[in-house]
Amino acid sequence: MRKVTIKFQDVATELAQINTLRDDVMERAFGALEKQQASLATMLVQSLRDRDRAVRWMCRHQNAFGGRTAYELLADGEADTVWDEIALMGDAPAVARPGAVRMAY
C-alpha cells in the first residue's frame, strides 16, 4: 500500500482559497440583506458597532437559533426571531422592526 504524503503548503494554499471564497459569499449575502431588509441590517450593524462583525454574525451558527444561522432563519420566514435576538444584543428598540406594534403604557 502506498503512503500518501500531505504537503502542508498545498493545504495552506487551498485553505486560503476557501477562506477567500467564503469571505466573498459573506459580503455578497450581507449586501443582499442591506438591500432586501435594510432596517434589519442597519440595526444589526448599530448593535454590533461594526459592519464586519455584523457580516460574520449573520453567518455564525447561534445557540439562540438552535444551531442555525440568521440567514437560515430568514430563509425559513423567521425574521422576527432574528429581530428579537438583535434587540437582546443591544438596545435596539422593538419599534424599529417592520410591522411592530407600539404599546402605550
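See the structure shown above.
The rules behind each value
- Residues numbered from 1 in each chain as written.
- Predicted model: local features only at pLDDT ≥ 70, side-chain atom pairs only at ≥ 80, totals over all residues.
- Heavy atoms only, no water.
- Patch = residues over 30% accessible without salt bridge, like charges linked within 9 Å, V, L, I, M, F, W, Y side chains within 5 Å.
- Areas by Shrake-Rupley, 256 points an atom, 1.4 Å probe, with all protein chains shown as cover.
- Salt bridge = Lys/Arg side-chain N within 4 Å of Asp/Glu carboxyl O.
- Helix = DSSP H or I, 4+ residues; strand = E, 2+ residues; numbered from the N terminus.
- Buried < 20%, exposed > 50% of the residue type's maximum accessible area, 1.4 Å probe, protein only.
- Axes fitted to C-alpha atoms, helices over the stretch in contact; angles between N-to-C directions.
- Parallel < 35°, antiparallel > 145°, perpendicular 65-115°, else oblique.
- Left-handed = near helix turned anticlockwise from the far one by under 90°.
- Contact = heavy atoms within 4.5 Å.
- Nonpolar A, V, L, I, M, F, W, Y, C, P; charged D, E, K, R; others polar.
- Core = buried A, V, L, I, M, F, W, Y, C linked by side-chain atoms within 4.5 Å.

Draft legend 1. Representation of a nonpolar patch on the surface within the structure. A cluster of nonpolar side chains, namely Ile6, Phe8, Val11, Leu15 and Ile18, defines an oily patch on the protein surface of about 510 Å² accessible area. Tracing the backbone through its elements, the reader meets leucine 15 in helix 1 (residues 8-36). The partly exposed category is assigned to leucine 15, whose relative accessible area is 47%.

Draft legend 2. Highlighting the packing of helix 2 (residues 38-48) against helix 5 (residues 79-89). It is at 9 Å that the axes of helix 2 and helix 5 come closest, and there the two elements cross at 25 degrees. Here helix 5 runs roughly parallel to helix 2, going by the angle between their axes. The two elements helix 2 and helix 5 cross, and the hand of that crossing is left-handed. Residues Ser39, Leu40, Met43, Leu44, Ser47 and Leu48 of helix 2 touch helix 5, and the partners they reach there are Val82, Trp83, Ile86 and Met89. Grouping the amino acids of the contact of helix 2 with helix 5 by side-chain chemistry returns eight nonpolar, two polar and no charged.

Draft legend 3. Region of interest: the nonpolar core. In this structure, Phe30, Leu44, Trp57, Met58 and Val82 are the most contacted members of the largest nonpolar core, which totals 20 residues. Sequence-distant contacts of phenylalanine 30, defined by excluding residues within four places in its chain, comprise Ala41, Leu44, Val45, Arg51, Ala54, Val55, Met58 and Tyr71.

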